[in-house]
Amino acid sequence: MGGVSTPRRPDRAAGPTLTGDRLWYVAYGSNLHAARLACYLGGGVPPGGTVAHAGCRDPSPPRRSLPILLPGCLYFATRSPRWGGGRAFHDPDAAGETAARAYLLTRSQFSDIAAQEMYRAPGSARDLDLAEVVAAGRARLGPGRYETLVCPGTLDGLPLVTFTAPWRVGELPPLAPSWPYLRHLAAGLREAHGWSVARTARYLAACSGAAGNWAEPDVAALLATPGEAGAGPVLAADAGPLPR
């Protein structure tokens, strides 16, 4: 890996406005990986994945990408049908910071990526109306995971927008992420931020859901070799039915 990149933080000095077609899509989970995001844009099965993505109406690559730190924490909850184990969510109201990656995209590309994360057909409806989330900082499109939009501020004058769940950290039972998912997130963090293995392991092992299930040495071991890693700890069972 290269040296540590200097991350940016959202500019919250002035209220953001959506005056054009460009915005920053902020990824804090599996889309930290540029190769995985490319499948959300252009379609196909991402590295290490098993599900083909439909892609966006506009498959163009991002104009830019930058490491960024969001206010709030990363946590793992609800079982992912694609990866097994807990999904990554962002709580913008919690203490701490979430390491993320900002991609400069169009509104239609962001709308189509959001649709794929919500298990909806991209381009099946109009582009998302982002006026509410940009003006108010938050907009709820539905009750489930990745159906809450968050705008933490701007970067170089353009709105930053991401999606997460409506629940605060601790409102659902924490669920440990699977080792393939955690390794993917760890590799994405190193790609985006240039972090060392030790720093990446320390960050992920402290997140709710991973804490108590993944020790720092176990996370570090996932990145020790490019081949198959160990199976990791046994994941906690789901505690009853979870929201969709």
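This write-up is about the structure you can find in this document. Please read all numbers here as calculations on a predicted model, not as lab measurements. (Residues numbered from 1 in each chain as written. Predicted model: local features only at pLDDT ≥ 70, side-chain atom pairs only at ≥ 80, totals over all residues. Heavy atoms only, no water.)

Structural notes on the sheet that holds strand S7 (residues 148–155)
Thinking step 1. On the basis of which strands lie adjacent, the open sheet formed by six strands has the order S2-S5-S1-S8-S7-S6 and mixed pairing. A strand with exactly one partner marks an edge of an open sheet, and here the two such strands are strand S2 (65–71) and strand S6 (138–140). Averaged over all adjacent pairs, the angle separating strand axes in this sheet is 35 degrees, with direction ignored.
Thinking step 2. As paired strands, strand S1 (residues 22–27) and strand S5 (residues 97–106) are joined by six bridges and run antiparallel to one another. Following the sheet pairing, Ala27 is matched in S5 by Arg101.
Thinking step 3. With respect to the sheet, helix H4 (residues 179–193) is in contact with S2 and S5, its orientation differing from that of S5 by roughly 70 degrees. (Pairing = 2+ DSSP bridges. Helix = DSSP H or I, 4+ residues; strand = E, 2+ residues; numbered from the N terminus. Axes fitted to C-alpha atoms, helices over the stretch in contact; angles between N-to-C directions. Contact = heavy atoms within 4.5 Å.)

Thoughts on the nonpolar core
Thinking step 1. Judged by nonpolar contacts, the single largest core of 66 residues is most densely connected at Tyr25, Phe76, Phe110 and Ile113.
Thinking step 2. At seven residues, the largest contribution of residues to this core is made by H4. (Core = buried A, V, L, I, M, F, W, Y, C linked by side-chain atoms within 4.5 Å. Buried < 20%, exposed > 50% of the residue type's maximum accessible area, 1.4 Å probe, protein only.)

Details of helix H1 (residues 34–42)
Thinking step 1. Those residues of H1 that fall on the buried side of the exposure criterion are Arg36, Leu37, Cys39, Tyr40 and Leu41.
Thinking step 2. In this structure, the buried residues of H1 make contact with S1, S5, helix H2 (107–117) and H4.
Thinking step 3. Immediately downstream of H1, the backbone of Gly43 shows phi near 90 degrees, a positive value.

Brief notes about the environment of Ile113
Thinking step 1. Inspection of the secondary structure assignment puts Ile113 in helix H2.
Thinking step 2. In this structure the C-alpha to C-alpha distance between Ile113 and Leu37, which are 76 residues apart in sequence, comes to 8.7 Å.
Thinking step 3. Every residue in contact with Ile113, bar those within four places of it in the chain, is listed here: Tyr25, Asn31, Leu37, Tyr40, Leu41, Cys56, Leu105 and Phe163.

Regarding the pattern of salt bridges
Thinking step 1. Scanning all chains against the criterion turns up eight salt bridges.
Thinking step 2. A salt bridge links Asp156 to Arg8; the nearest nitrogen and oxygen atoms lie 2.7 Å apart. Pair noted here: Asp156 is in the loop between S7 and strand S8 (158–164) and Arg8 is in the segment before S1, with a separation of 148 residues, a long-range link.
Thinking step 3. Between Arg64 and Asp156 there is a salt bridge, with its nearest N and O atoms 3.2 Å apart. Here the residue Arg64 occupies a position in the loop between H1 and S2, and Asp156 occupies one in the loop between S7 and S8, the gap between them amounting to 92 residues.
Thinking step 4. Owing to a relative accessible area of 38%, Arg64 belongs among the partly exposed residues under this scheme.
Thinking step 5. Exposure remark for Asp156: the relative accessible area of 47% places this residue in the partly exposed category.
Thinking step 6. Taken together, the shared-partner salt bridges in this structure form one network comprising Arg8, Arg64 and Asp156. (Salt bridge = Lys/Arg side-chain N within 4 Å of Asp/Glu carboxyl O.)

Examining the side chain of Ser30
Thinking step 1. Here Ser30 lies in the loop between S1 and H1.
Thinking step 2. Setting aside its immediate chain neighbours within four residues, Ser30 contacts Arg36, Trp83, Tyr181, His184 and Leu185.

So, unusual backbone geometry
Thinking step 1. For Thr78, which is not a glycine, the phi torsion comes out positive at approximately 60 degrees.
Thinking step 2. Tracing the backbone shows Thr78 in strand S3 (residues 73–79).

These results come straight from atomic positions and should not be treated as a statement about function.
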